[in-house]
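Examination of the molecular architecture
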Amino acid sequence: MTEFITIQVGQCGNQIGSTFWPAVLDEYGFQAGKTTRKRPTSTNFESSFHSFFSVPSNNKCGDFNTLADLVGANVKARSILVDMEDSVVSKFKTGPFRSLFDEKCIVSNYPGSGNNWAEGYCYHGPLYRERLLNVIQKAVDKCDSLQGFILLFSMGGGTGSGLGTYILTLLADYFPHVERFVSCVYPTGTEDVITCPYNMALATRHLIESATCVFPIENRALFDIVTQTLYRQSSIVEFRPFFDMNNLVTNMLLHLTSGSRFSGSMNVDINEINTNMVPFPNLHFLSSSFSPLTRPASKLPPQITSQQVKYEMFRNSCSRSNQLIKIDPLGANSVLLGSTLIGRGDFSLSDMRNYVDHLQTKGRFTHWSRKAVKVGLCDVPPISQTSAILTLFNTTAMRTLFSYILHLYNKLYQKKAHVHHYTKIAGFDVGFFSECEDSLLNNIGLYTDMENARQPN
Amino acid sequence: MSILTLQFGQCGNQIGKALYEELYSDIKTDVSKTGVGKKANVEYVTESVKKWFTVNKSGALEVRSILIDTESKVVANVTANGHYKFRNVVAKSHGGAANNWAYGYTTKSELLTKDIQDGVRKEIERDGTVLGIMGILGSAGGTGSGVGSRTLEILRDEYPKKLITGVVVLPYKRGEVVTQSYNSLLTLAKLCNVTDGIYLYENDTMHKMCSKLLSVANVTFLNINSLIAQQLAATFQPLQNTSVWDIHKSLTPHPIFKLIQVKSAPHVSKEYLKFEAPTTWSVLINQIRNSIKPDLQDYLGKFNRRMQCTGNALIGRGSTPFTADDLSQIADSALYVGWVPSQYCLSNFYHIRSFKDNKKFVTFLTNNNYACLSLKGVLDDAWTLFGSRAYLHHYQRFNIDEQFFLDSFDAFETLYESYKGL
């Protein structure tokens, strides 16, 4: 029974959370307004449900059939909500899932951070420190065997990036033995905030230093997936880009956590991903993708997935167009340092072994990383699907994300534009700028070294 | 004389589960198919039950086994069985060992070993019949390999005179877990030191057996595990006037050579079985002889030495004993290293009662130089990673430093070279 605490910071983090939790419940068979529960087959519901929900000890999970049962038994999501205004958090307070969130785990009414990383990290962080620690400690106390924190926030604004990375460093200080996974959204392509490059760069430095694994997501990649892949499917007639983009992130998180929530003949717990995917310290940014890309459908496809369709899924999930960041894992700029394939539903061991073979011939590797492929199988497919596949890559192409951030950052910083907004905040050292630049450059250098060390094909 | 099994991690627990299913179905085989009379069958069953189970006050069978895992998911699956009970489950659910031997060995084991030791002590003191302890584990992950290594090391200290063996399953060469070569290396280096013998299995070999001999189209771990379980059951079920020590003594004549490979016959798919003629020992032994030779294409580099064994044991279960003619196929002195006296080269054991519904079933335990091929795969992969210092920081976090690795490499290479040089 491994447990994870999710911490949602800022508007973006809470929006993702607001679709994530209903989807998790849905996968367990609980739906708002429904009175019966369609149990997924072959799961150890009893033990896996604890991973993401705390259940008071006098209850048996097997007895729960409806959302009302969960509410009645005082079941709470292991989740901490942090936001400046009530706007998004208030949805949690009023929606059908409201009683699943512990009021004590909501930190709100927090004044905005003015799209300024420094305000979140240097001012509000220390100011709210005790309150945050209290809330985190309460959530931790409810766990028997806490495996990790999962942080969700955006890198562009002030709250997500500033306070988010502040919480990350708090966790690193106070819970050094608990893994820290971060899924963060880079608002690339839609940088509506002028100081966004600073925020991204300053926050990224702390991700490099304090996170166990980072699953970065780029807005422009989400946008392209939605417009170029999803909306070409004939089944979709109504366009809801924001809904669909959030949904992509939610689905990725669902796949990622599936091994911790359900059983499988080759179980992949999230904490195994760190050991398998991170060959050297600091190189812990992983590109994620999954297939099929669809909206949740209303009914299950009639038969089991054919070999051909499964193979297509695998190929799509390795392709550039399915990655949640703008890189091509099998392209010319990519040397793979680690790969993970997690099949859900109909995938078999032999399928996965075939895919590993394909991957090993298609991709480029260092002389030691060709065999660095982790394979997982989870029995339970996503809702309304018979199978799905998640792939994670640790690739040197991640360099392009860092370069891109650095490029945007330099454009501003060369003119020292808006720097005074940061330096005026007490606790912000002007050295933070050069330090984050060094940190980014250092990581770019590490990736370049790896690329040069690759094995000639 | 009984055997206590310790099932470590996901792989160990799955094989353990399959093993007791196999044993139970052997015990429950219809007496008309066993080739012996009712009385003889009862004797056999009684002995078998004594060996693997205990009977509790209400008459139910309880397995002489301790289930050890850091995640309760797999253990929960194993314990769900109507025919017999699992008494001992040590699963402090504090999360898995993250595919990291060091995490299992230095950290996770801290939480578990005291309970395991208590469990083992209770089992041993229960009726004083426990002769051997058999640890079953997969070497790829962190729990089985790390916690397993540490536990057997501790038990070795506590029970210097018990027969402690390991059943170690090596992962697919093309990878299940990225750090599998490190984990396998550290496991084997440790276990060769602390156990009396290691039954070495490779997923690749078993996979091939399932697909080629049993014609399984989509091989799963279930197939592989039940094959391993079948071989273990057929080896360790009761034999006339023989204890596990007798089998074991003949196989490991030298403290460095402890790796035992298991072959068995017949293995045919159920479809073919209908058309098979009654078989003879010499046919089966011939099949085994052919299966010993590994498919050298699977292995990197050339290895064209003849097979050299330090000791073999043949176990037959069926209506007639082996004749000298049957044995001659594998008794050839050219097969054996010069320093083993010829009378100790090949030992054979026999029981008249059939194994399950096989009229004749033979298992062959062999300790030979081809073991170096399995070792080489692990060694090469581990050196490749270690050469770039890749993944070491995960191990250092749990107090396994470079020096520890170098010492393990050293021990492992000695083992490899010794087998290669046979």
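Predicted model, so just to flag it, every value in this text is computed and none were measured.

Cut-offs applied
Residues numbered from 1 in each chain as written. Chains lettered and ligands numbered in written order. Predicted model: local features only at pLDDT ≥ 70, side-chain atom pairs only at ≥ 80, totals over all residues. Heavy atoms only, no water. Helix = DSSP H or I, 4+ residues; strand = E, 2+ residues; numbered from the N terminus. Buried < 20%, exposed > 50% of the residue type's maximum accessible area, 1.4 Å probe, protein only. Contact = heavy atoms within 4.5 Å. Areas by Shrake-Rupley, 256 points an atom, 1.4 Å probe, with all protein chains shown as cover. Salt bridge = Lys/Arg side-chain N within 4 Å of Asp/Glu carboxyl O. Core = buried A, V, L, I, M, F, W, Y, C linked by side-chain atoms within 4.5 Å. Domains from an automatic or database assignment. Buried area = accessible area lost by both parts, 1.4 Å probe. Polar contact = N/O pair within 3.5 Å; in protein donor to acceptor, adjacent residues only side chain to side chain. Nonpolar A, V, L, I, M, F, W, Y, C, P; charged D, E, K, R; others polar. Axes fitted to C-alpha atoms, helices over the stretch in contact; angles between N-to-C directions. Parallel < 35°, antiparallel > 145°, perpendicular 65-115°, else oblique. Left-handed = near helix turned anticlockwise from the far one by under 90°. Pairing = 2+ DSSP bridges. 1 Å grid on protein atoms, 1.4 Å probe; cavity = no way out; pocket = protein on both sides within 12 Å on 5 of 7 lines; lining within 4 Å. Points joined across faces, edges and corners; volume = space filled by probe spheres on them. Disulfide = S-S within 2.5 Å.

Within chain B one finds 16 helices and 11 strands. The C-alpha extent of chain B, read off along each of the three principal axes, is 60 × 55 × 45 Å. The buried share of chain B, taken over its 422 residues, is 61%. In chain B, the proportion of contacts linking residues at least 24 apart, taken out of those at least 6 apart, comes to 81%. Carbon and sulfur atoms form 52% of the exposed surface of chain B, whose accessible area is close to 16500 Å².

Turning next to the pattern of salt bridges. For the coordinates displayed, the defined rule picks out 31 salt bridges over all chains. Residue R78(A) is joined to E3(A) by a salt bridge in which the shortest nitrogen-to-oxygen separation is 3.5 Å. Highlighted residues: R78(A) in the loop between β3 (76–77) and β4 (79–82) and E3(A) in strand β1 (residues 3–9), separated in sequence by 75 residues. According to the relative accessible area criterion, E3(A) is buried, its value standing at 1%. Between K371(A) and D381(B) there is a salt bridge, with the nearest N and O atoms lying 2.9 Å from each other. On the criterion of chain membership, the pair formed by K371(A) in the loop between α12 (349–362) and β11 (373–378) and D381(B) in helix α14 (residues 371–387) is interchain, its members lying in two chains. Through salt bridges with shared partners, a single network forms among R353(A), K173(B), E202(B) and D204(B).

With that settled, the discussion passes to the nonpolar core. Counting residues in each nonpolar core, the largest one holds 157 residues, and the members touching the most others are W117(A), F149(A), I167(A), L207(A), F428(A), L6(B) and V120(B). Per-element accounting of this core gives the leading share, 11 residues, to helix α5 (residues 117–141) of chain A. Setting aside anything within four residues of it in sequence, one finds W117(A) in contact with C122(A), G158(A), S161(A), G162(A), T165(A), N199(A), L202(A), A203(A), H206(A), Y422(A), F428(A) and F432(A). Residues A18(B), Y199(B), I247(B) and L251(B) belong to the second largest nonpolar core, which totals 70 residues.

Residues and elements named next belong to chain A. According to the domain assignment, chain A contains domain 1 (3–36 + 45–285), domain 2 (289–398) and domain 3 (400–452). Domain 1 puts 45 residues into the contact, and the matching count from domain 2 is 34 residues. Both sides of the domain 1 and domain 2 interface together cover about 3400 Å² of buried area, and 66% of this is carbon and sulfur. Taken together, domain 1 and domain 2 are joined by 3 salt bridges. In this structure, the salt-bridge partner of E27 is R344, at a minimum N-O distance of 3.2 Å. The tally of links from domain 1 across to domain 2 stands at 8 residue pairs in polar contact (both at pLDDT 80 or more). For the side of domain 1 that touches domain 2, the secondary-structure elements that each account for two or more residues are α1 (10–28), β8 (213–218), α8 (219–229), α9 (241–261) and α10 (270–277). Here the side of domain 1 that touches domain 2 gets 10 residues from one element, more than from any other, and that element is α9. For the side of domain 1 that touches domain 2, a count of residues per class yields 25 nonpolar, 11 polar and 9 charged.

Residues and elements named next belong to chain B. For chain B, the domain assignment lists domain 1 (2–261), domain 2 (264–372) and domain 3 (374–421). Each partner contributes residues to the interface: domain 2 has 10 residues there, and domain 3 has 8 residues. Across the interface of domain 2 and domain 3, roughly 730 Å² is buried in total on both sides, 52% from carbon and sulfur atoms. Counting across the interface, domain 2 meets domain 3 through 0 salt bridges. Summed over the shared surface of domain 2 and domain 3, the number is 5 residue pairs in polar contact (both at pLDDT 80 or more). Sorting the residues of the side of domain 2 that touches domain 3 by element identifies β11 (360–368) and α14 as the ones contributing at least two each. Among the residues making up the side of domain 2 that touches domain 3, the classes are represented as 6 nonpolar, 3 polar and 1 charged.

Below, the discussion takes up the packing of helix α6 (residues 159–174) of chain A against helix α7 (residues 196–210) of chain A. All names here are of chain A. With their axes 10 Å apart at the nearest point, α6 and α7 run at an angle of 15° to one another. By the angle between their axes, α6 is roughly parallel relative to α7. Where α6 crosses over α7, the two elements pack in a sense that is left-handed. From α6, S161, T165, L168, T169 and A172 reach across to α7, where they touch N199, A203, H206, L207 and S210.

This paragraph deals with the sheet that holds strand β12 (residues 387–395) of chain A. Residue and element names in this part refer to chain A. The strand order β9-β12-β10-β11 describes an open sheet built from 4 strands, whose pairing is mixed. With one partner strand each, in any of the chains shown, β9 (287–291) and β11 form the two edges of the open sheet. Sheet twist, expressed as the mean angle between neighbouring strand axes with direction ignored, is 15°. Seen against the sheet, α10 touches β10 (336–345), β11 and β12 and runs at an angle of roughly 40° to β12.

Regular strands place their side chains on alternate faces of the sheet. All names here are of chain B. Along β11, 9 of the 9 residues are buried, which leaves the element largely enclosed by surrounding structure. What you see with β11 is no split at all: K360, V362, F364, T366 and N368 on one side and F361, T363, L365 and N367 on the other are buried throughout. Inspection of the sheet shows strand β8 (residues 259–265) paired to β11 by 5 bridges, in the antiparallel sense. Bridge assignment links S264 to a residue of β11, and that residue is T363. Sheet topology places strand β9 (residues 309–318) next to β11; 9 bridges connect them, and they run antiparallel. Following the sheet pairing, N312 is matched in β11 by T366.

Now for empty space enclosed by the protein. Taken as a whole, this structure holds 6 cavities of 30 Å³ or more when the rule is applied. Lining the largest cavity are 33 residues, with Q10(B), C11(B), N99(B), G141(B) and E176(B) positioned closest to its centre. For the lining of the largest cavity, the secondary-structure elements that each account for two or more residues are β11 of chain A together with α1 (9–27), α5 (143–158) and α8 (221–236) of chain B. Of the residues forming the lining of the largest cavity, the biggest block, 4 residues, is contributed by α1(B). The residue makeup of the lining of the largest cavity, split by class, is 13 nonpolar, 15 polar and 5 charged. Reported here for the second largest cavity is a volume of approximately 80 Å³. Around the second largest cavity sit I5(A), S54(A), A77(A), R78(A), S79(A), I80(A), D102(A), C105(A), A139(A), K142(A) and C143(A), which together line it. Considered class by class, the residues forming the lining of the second largest cavity number 6 nonpolar, 2 polar and 3 charged.

On to the environment of I154(B), then. Residue and element names in this part refer to chain B. The topology assignment puts I154 in helix α5. For the pair I154 and V194, spaced 40 residues apart in the sequence, the C-alpha separation amounts to 8.9 Å. Apart from residues lying up to four places away in sequence, I154 is in contact with T113 and Q117.

Residue and element names in this part refer to chain A. Between α1 and α9, the shortest axis-to-axis distance is 9 Å and the interhelical angle comes to 45°. Classed by the angle they form, the pair α1 and α9 counts as oblique. Pair α1 / α9 crosses with right-handed handedness. Contacts between α1 and α9 involve Q15, I16, T19, F20, A23, V24, E27 and Y28 from the former and N246, V249, T250, L253, L254 and R261 from the latter. Partitioning the contact of α1 with α9 into residue classes produces 8 nonpolar, 4 polar and 2 charged.

A few words now on the state of the cysteines. Residue and element names in this part refer to chain A. Tallying each qualifying case throughout the model produces 0 disulfides over all chains. Looking at C213, it has no disulfide partner, and the nearest cysteine sulfur is the one in C184, 12 Å off. In this structure C213 comes out as buried when scored by relative accessible area, which is 0%.

Right, let's talk about the environment of I405(A) for a bit. Residues and elements named next belong to chain A. Structurally, the position occupied by I405 is in helix α13 (residues 399–413). Classification of I405 as buried rests on a relative accessible area of 0%. A sequence separation of 46 residues divides I405 from E451, and the C-alpha atoms of the two residues are 20 Å apart. When residues no more than four places from it in sequence are discounted, the contact partners of I405 are Y186, P197, M200, A201, T204 and L440.

Here the focus is the interface of chain A and chain B. In this complex, chain A contributes 42 residues to the contact, which on the side of chain B involves 37 residues. Contact with chain B buries area across many residues of chain A, yet T275(A), R353(A) and K371(A) alone supply 19% of it, more than any other trio. Applying the counting rule to chain A against chain B returns 14 residue pairs in polar contact (both at pLDDT 80 or more). If you list the elements that add at least two residues to the side of chain A that touches chain B, you get α9, α10, α12 and β11 of chain A. Per-element tally for the side of chain A that touches chain B: the top contributor is α12(A), with 6 residues. The residue inventory of the side of chain A that touches chain B, partitioned by class, reads 15 nonpolar, 19 polar and 8 charged.

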